[in-house]
Amino acid sequence: MKRLESDSASGFSDPVTYTCTCASSHTSSTSTHPSGSVLLYYRYWAAPPALPASAAHLTSDTNALAAWYSQQTATLHLSGKIRCAPEGFNVTVGGSTAEISTFISACAAHWSFSGLGLGSSDTVNQEELEARQRFFKPSPGCACVFGPKASVRVVAEATPMGVEGYAPADWEKVVALTPAAFHAKCHDERRQSVLVDVRNHYESRIGYFVSPLTGEPGLRPPIRRFSQWPQYVKGHLDELKGDMAGKQILTYCTGGIRCEKGVRWMQERLGDGETVFTLKGGISAYLDWMNAEIQEGRKTAAESLFKGKNYVFDARGAIGLNEQGTPVSRCLACNKLSGRLDKCRSEGCHLVVVVCEDCQSLDPRCCQDCRDMDTLIARGEERVGKFVPRPMCACEKEREDQMWAGNRVKKPKTQGWRKGKKDEKKGGQGDVAPGDVKIKGYLPMSDRTSDAENL
Ligand SMILES: [Zn+2]
Ligand SMILES: [Zn+2]
Ligand SMILES: [Zn+2]
Ligand SMILES: [Zn+2]
C-alpha cells in the first residue's frame, strides 16, 4: 500500500499562543491588535462549482501549483500552511492587510481559482467581493501565527482522511448549507435533526453547536485526528444508523474541508435514506455570518448556536464571536470555566488541554499518569523520545476506549509512537477494524504532525 501522506516532518504540534512581532500589530500599553488577516480556504477540483474543463489538464502538475504558492508567499511575506494534492488544495496563510489583499487578487487571476466567481481583475463587483469573502474566510491575525516561513507541500490528500483512493461517487448526495440556512435548519421543528461534529475531540471540547430545540450539543466523536474518522464511522455504523434514522443530519467542521470527503464517506455507508447536510465554510463562516448579524442588530450573541470557541490550527489557538460568551469548557487544574488552550507539559504527551490564565504557571499535566511519568523521568527511571514508546496516560486510555467501544480489535497501548515505515509499506493495517476499504496504517498516538493538517 502506498503511503498517503508524509509523516516524516519532525518537531512538535502547533503552539497555541503567540506574540505578534511583525509590522501588522498596533501595540498599545495594554494589548496587541493585529491589523492583518489569516485566510482559510480549500478546493476539491471535482466538487461543485467544479474547475472548468479548460483548466483540468493543469491539475496534474501539483509541483507547479506548489511552486506558485512558494513564490507568492515569499514575495508577499506571507506565512502559513499550503497543501497541494492531485484532488485539490488546502490553504491557510497570514500576512498584513495590504499583502493579503494583493495575494487575493493574484489568486483570482490564477487558473486554480477559475469557475469560483471570484472575478479575475482588480475591478471586482460587489458580488465578486462577497464571493471572495466567503471563499477565503479572512479572520484577524498575521504571519506571526505561523512559523517564520510558509510551509508548502505536495501531498496525496488535501486533508489526510487516510482512505486510499477515495473520492465521493456523487458530490451532490450531500447538500452544503450557507450559515444562514444551517442556522434555520437547526430551528426546523417539522423534522428532527442530529448535529454531527466531524472534528477531533479536543476541538469539540472547547466549542460546539447546540440544538436550539433541545439545548444539547450533537455527536462529538472521540477521535484524535481526522484519519480516525473513517474508523469511527465504520466501528459505530449500526449505532449511527439507529441514531440518525429518519432525521436530518447536520454536519460541520472548522472551515468545511473535512466534511467534504468525510461526510460523503459517511453518507455512502448510511445509505440514501438519510438527508445529509454540511455547513459551507464551517464554523469559521458561521461565526463571520453571526458577527455580521449581531453588528446589524438582527441577532444577539446569545442566539448563536455555536457555543464556546473554534479551535484553529495555528498559534491563535481558538477564535470565538467578537462578543465573547461564557466558555463551555473548564480548566483542568481549578475547574473554573475557561476556553484557554494549553498543552500537557509532560514530555512526549502533547495533549491539548484547557488551562485558565491563573493556572498556566502551575505547569499543568493532563492527569496523574503524566505527573508520575515525569517523576520517573526526573529520577532517570524512564526516558522518552521520538522513537521511544510511551505508555498511554489515563486521558488517552479513556478516549481510546470510547473510540473502539464494541470493536473487537487490539487497542494501542503506547503514546507518542507511530508505526514504522516498514509496516505501512507492507500494507500493515495496524489496529484498524477489518472492512471493505483500505485505511492507512493506524498511527496509534501523537498529535505532532498529522493533527495539525486538519485545517
Ligand atoms: Zn504579526
Ligand atoms: Zn485554572
Ligand atoms: Zn499528559
Ligand atoms: Zn493524561
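As the structure is a computational prediction, the values presented were derived from the model and not from experiment. (Residues numbered from 1 in each chain as written. Chains lettered and ligands numbered in written order. Predicted model: local features only at pLDDT ≥ 70, side-chain atom pairs only at ≥ 80, totals over all residues. Heavy atoms only, no water.)

### Brief notes about the coordination of the zinc ion (ligand 4)
Condition: Any nitrogen, oxygen or sulfur atom within 2.8 Å of a metal ion counts as a donor, with the limit raised to 3.2 Å for Na, K and Ca, and since water is left out, coordination shells can look unfinished. Key to geometry: four donors with every angle between 85 and 135 degrees are tetrahedral; four donors are square planar and six octahedral where opposite donors lie over 155 degrees apart and all remaining angles lie between 65 and 115; all other sites are irregular.
Here the zinc ion (ligand 4) is held by the protein donor atoms Cys366 (SG), Cys367 (SG), Cys393 (SG) and Cys395 (SG), which lie 2.2 to 2.4 Å from it. Because the angles between the four donor atoms bound to the zinc ion (ligand 4) fall within 103 to 119°, the donor set is best described as tetrahedral. Along the chain, the residues donating to the zinc ion (ligand 4) fall in the pattern C-C-x25-C-x1-C. The distance between the zinc ion (ligand 4) and the zinc ion (ligand 3) comes to 3.9 Å, and Cys366 binds to both of them.

### Points about the sheet that holds strand β9 (residues 193-197)
Within a sheet, neighbouring strands are paired by backbone hydrogen bonds and run either parallel or antiparallel to one another. Applied cut-off: DSSP calls a pair of strands paired once it identifies at least 2 bridges connecting them. The secondary structure listing takes helices from DSSP runs of H or I that are at least 4 residues long and strands from runs of E that are at least 2 residues long, numbered from the N terminus. Simply put, an axis is a line fit to the C-alpha atoms, just over the touching stretch for a helix, and the angle between two N-to-C directions goes from 0 to 180 degrees. It only takes one pair of heavy atoms within 4.5 Å for two residues to be counted as in contact.
Ordered by their spatial adjacency, four strands build an open sheet running β8-β12-β11-β9, and the pairing between neighbours is parallel. Strands at the two margins of the open sheet, each flanked by one partner only, are β8 (175-177) and β9. With strand direction ignored, the average angle separating the axes of adjacent strands in the sheet is 30°. In terms of strand pairing, β8 meets strand β12 (residues 275-279) through three bridges, oriented parallel. Following the sheet pairing, Ala176 is matched in β12 by Thr278. In this fold helix α4 (residues 179-186) packs onto β8, β9, β11 (248-252) and β12, with an angle of close to 135° to the strand it touches most, β11.

### Re the environment of Ser105
This is how it is decided: The classification of residues rests on relative accessible area computed with a 1.4 Å probe and restricted to protein chains. Under 20% of the type maximum is buried, over 50% is exposed, and intermediate values are partly exposed.
Its location among the elements puts Ser105 in helix α2 (residues 97-108). A relative accessible area of 21% places Ser105 in the partly exposed class. Considering only alpha carbons, one finds Ser105 and Arg132, 27 residues apart in sequence, at a separation of 9.7 Å.

### Some details on the confidence of the model for the protein chain
Note the following rule: One number per residue, pLDDT, summarises how confident the predictor is, and it ranges from 0 to 100.
Confidence along the protein chain averages 84 in pLDDT terms, with 82% of residues attaining 70 or more. Every residue in residues 1-12 scores below 50 in pLDDT, and together they form 33 contacts with partners more than four places removed in sequence or on other chains.

### Focus: the coordination of the zinc ion (ligand 2)
Protein-derived coordination of the zinc ion (ligand 2) comes from Cys331 (SG), Cys334 (SG), Cys356 (SG) and Cys359 (SG), at a distance range of 2.3 Å. Note that the zinc ion (ligand 2) binds four donor atoms; their angles at the metal cover 103 to 114°, and the shape is tetrahedral. In primary sequence terms, the donor set of the zinc ion (ligand 2) follows C-x2-C-x21-C-x2-C. Of this pair, Cys334 sits in the loop between β15 (318-319) and β16 (341-343) while Cys356 sits in the loop between β17 (352-354) and α10 (368-378), placing them 22 residues apart in sequence. On the accessibility criterion, Cys356 (3% relative accessible area) is buried.

### Digging into the environment of Gln248
Position of Gln248 relative to the elements: it lies in strand β11. Residue Gln248 is classed as buried on the basis of its relative accessible area, which comes to 4%. Residues Gln248 and Leu195 lie 53 residues apart in sequence; the distance between their C-alpha atoms is 8.6 Å. Other than its neighbours up to four places away in sequence, Gln248 contacts Lys185, Asp188, Arg191, Gln192, Ser193, Val194, Thr275 and Phe277.

### What to know about helix α9 (residues 282-295)
What counts is decided by this rule: The span one expects for a helix is its residue count, reduced by one, times 1.5 Å.
An ideal rise of 1.5 Å per residue puts 20 Å on 14 residues; α9 measures up with 20 Å between its terminal C-alpha atoms. For α9, a buried count of eleven out of 14 residues is recorded, marking the element as mostly surrounded by other parts of the structure. Looking only at α9, the buried set comprises Gly282, Ile283, Ser284, Ala285, Tyr286, Leu287, Trp289, Met290, Asn291, Glu293 and Ile294. Gly297 sits one or two residues past α9 and shows a positive phi near 80°.

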